[in-house]
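# Summary of the model geometry
Below are the chains, spelled out letter by letter.
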Amino acid sequence: MGGRFIPLLLVLLTSAFVSQAQPSLSVSADRAEASLGETIAVRFLLQRSSDTEGFIPPAFKGFTVVHGPDTRLEVVNVRGQKVSTVTFDYLLKPERTGILEIAIAYARVDGQTVYSMPLYIRVSEKATRN
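Remember, it's a predicted structure, so these values are computed and weren't measured experimentally.

### Observations regarding the packing of aromatic side chains
- Evaluation of the coordinates by the stated rule reveals six aromatic pairs.
- Ring geometry for Phe-44 against Phe-55: centres 5.4 Å apart, planes inclined by 55°, an arrangement best described as tilted. A residue pair is termed long-range when its members are at least 10 positions apart, and Phe-44 in strand β3 (residues 40-47) and Phe-55 in strand β4 (residues 55-56) qualify at eleven residues. When sorted by exposure, Phe-44 lands in the same class as Phe-55, which is buried.
- With a centroid separation of 4.0 Å and 10° between ring planes, the pair formed by Phe-55 and Phe-88 is classed as stacked.

What follows is the structure, encoded as structure tokens:
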């Protein structure tokens, strides 16, 4: 058993290292609930890339783009390694009530395509906070 454990551990560690070196695209919002008339700040984060031209945002159906994208390129230190990160910030205003989807965005990076997950925002008629 010990003879097979070491090679398996090496494969797992190698695949974890390789996956960490791959570009990724994520999305976040400053709130999960909003009311009509409020703005929502949405950020797409492209890690391990400095390519700002390959980013394709979603159509933002059900939202008006009030501002954006504001694009920022940073090099951050992650576990002793310099990692390029690009952020794409938007301010959105919902056009209707219900659960609205911010569809996937994608980016083409070094011959490969990375995708964000969809994001859902619950929009009501009245204010969601005091």
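### Thoughts on the sheet that holds strand β10 (residues 119-124)
- Sheet architecture is open: three strands sit in the order β2-β10-β7, paired in mixed fashion. Single-partner strands in this sheet number two, and they are β2 (33-35) and β7 (98-102). Mean inter-strand twist for the sheet, computed between neighbouring axes without regard to direction, equals 35°.

### Examining the sheet that holds β3
- Strands sit in the order β1-β3-β6-β5 across an open sheet of four strands; the sheet is antiparallel. Two strands bound the open sheet, and with one partner strand each, they are β1 (24-29) and β5 (63-78). Neighbour-to-neighbour, the strand axes of this sheet turn through a mean angle of 20°, independent of strand direction.
- As defined by bridge partners, β1 adjoins β3 across six bridges and the pair is classed as antiparallel. Counted as the bridge partner of Leu-25 is Leu-46 from β3.

### Some points on the pairing of β10
- Alternating positions in β10 separate cleanly, Leu-119, Ile-121 and Val-123 being buried on one face and Tyr-120, Arg-122 and Ser-124 remaining unburied on the opposite face.
- Relative to β10, β7 runs antiparallel, the two being bridged by five bridges. Note on β10: the bridge partner recorded for Ile-102 is Leu-119.

Rules and cut-offs
- Residues numbered from 1 in each chain as written.
- Predicted model: local features only at pLDDT ≥ 70, side-chain atom pairs only at ≥ 80, totals over all residues.
- Heavy atoms only, no water.
- Phe/Tyr/Trp six-rings, centres within 6.5 Å; stacked < 30°, edge-to-face > 60°.
- Helix = DSSP H or I, 4+ residues; strand = E, 2+ residues; numbered from the N terminus.
- Buried < 20%, exposed > 50% of the residue type's maximum accessible area, 1.4 Å probe, protein only.
- Pairing = 2+ DSSP bridges.
- Axes fitted to C-alpha atoms, helices over the stretch in contact; angles between N-to-C directions.

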